[in-house]
Amino acid sequence: MSAIVTLFSSEQYPMGRFRRQKLAYLLHRHTKQTADGFLKKAAGPYNPNIRYKDEKIAITSKYVKEQGKGKFIKGEKYTEAMKYFTDWYGEETITWINQFKFRKNNDLEVLATVAEAVKEIMGANNYPTLTAVKKIINDNAEWKPKLVKDFFSDKAIQSAIDESIKLFHQ
């Protein structure tokens, strides 16, 4: 959480919880090839530990500081958090996650949601088609409303399928 806030926020643009969750999901998929603890929630994959455990540790340790309700910027001791992160995951992981720096929240929601659906489909040894991904989304009560959102178009979902395969399944 601390590394994501340090890399993606600034005084002018503090990081909200929504964006942090999506980036954390993508980072976990990249570094651990899984996303244990992430639940299928209305806004996409969501891990309550990030909000209720990691966030408190990061604030108490002064790795991040809250700037407004639910918005965060790097804290006084952010360099300690970044050293731990790079020691554990390496500099290449920072390069990898930075590809999402300027992505819009809606795009991150589509990508994280579709990536989770693709993981489920491929875990059953099936190929992730547009129809199969939309079925996963439609069959989940919390995710079903996504299919009427403008930014969850067939084109956006297909693009996210292709990107997910490239990011996580090669």
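The notes below deal with the structure included here.

## A closer look at the overall build of the protein chain
Scanning the protein chain from N- to C-terminus turns up eight helices and five strands. The globule rule puts the C-alpha radius of gyration for 170 residues at 15 Å, and the 16 Å found for the protein chain is close to it. When the backbone C-alpha atoms are referred to their principal axes, the protein chain occupies close to 50 × 30 × 25 Å. The 170 residues of the protein chain split such that 42% are buried. Within the protein chain, contacts between residues separated by at least 24 positions form 64% of all contacts whose residues are at least 6 apart in sequence. Carbon and sulfur atoms form 52% of the exposed surface of the protein chain, whose accessible area is close to 9,300 Å². Each charge class in the protein chain was averaged separately, 29 positive and 20 negative side chains, and the resulting centres sit 3 Å apart.

## Considerations on the nonpolar core
Counting 44 residues, the largest nonpolar core has Leu23, Leu26, Ile97, Phe100, Val114 and Val133 as the members making the most contacts within it. Where this core is concerned, the elements lending two or more residues are helix 1 (2-8), helix 2 (17-32), helix 3 (48-60), helix 4 (78-89), helix 5 (91-97), helix 6 (105-123), helix 7 (130-139) and helix 8 (154-168). In terms of residue count, helix 6 provides more of this core than any other element does, nine residues in total.

## With respect to the sheet that holds strand 5 (residues 71-74)
Ordered in space as 1-5-4, the three strands form an open sheet in which the pairing is antiparallel. Looking at the sheet topology across the chains shown, the edges are occupied by strand 1 (15-16) and strand 4 (64-66). Pairing between strand 1 and strand 5: two bridges, direction antiparallel. Residue pairing across strands places Met15 opposite Phe72, the latter belonging to strand 5.

## A few points about the pairing of strand 5
Pairing geometry for strand 4 and strand 5, over three bridges, is antiparallel. Bridging across to strand 5, Val64 finds its partner in Lys74. Counted between consecutive antiparallel strands, the loop separating strand 4 from strand 5 contains four residues, among which Gly68 sits at a positive phi close to 90 degrees.

## Focus on the side chain of Asn140
With respect to the element layout, Asn140 can be found in the loop between helix 7 and helix 8. Under the relative-accessibility criterion, Asn140 is labelled buried at 17%. Among the polar contacts listed, one links the side chain of Asn140 to the backbone nitrogen of Trp143, at a separation of 2.9 Å.

Rules used throughout
Residues numbered from 1 in each chain as written. Predicted model: local features only at pLDDT ≥ 70, side-chain atom pairs only at ≥ 80, totals over all residues. Heavy atoms only, no water. Helix = DSSP H or I, 4+ residues; strand = E, 2+ residues; numbered from the N terminus. Rg over C-alpha atoms; globule rule 2.2 N^0.38 Å. Buried < 20%, exposed > 50% of the residue type's maximum accessible area, 1.4 Å probe, protein only. Contact = heavy atoms within 4.5 Å. Areas by Shrake-Rupley, 256 points an atom, 1.4 Å probe, with all protein chains shown as cover. Lys, Arg positive; Asp, Glu negative; His and termini not counted. Charge placed at Lys NZ, Arg CZ, Asp CG, Glu CD. Core = buried A, V, L, I, M, F, W, Y, C linked by side-chain atoms within 4.5 Å. Pairing = 2+ DSSP bridges. Polar contact = N/O pair within 3.5 Å; in protein donor to acceptor, adjacent residues only side chain to side chain.

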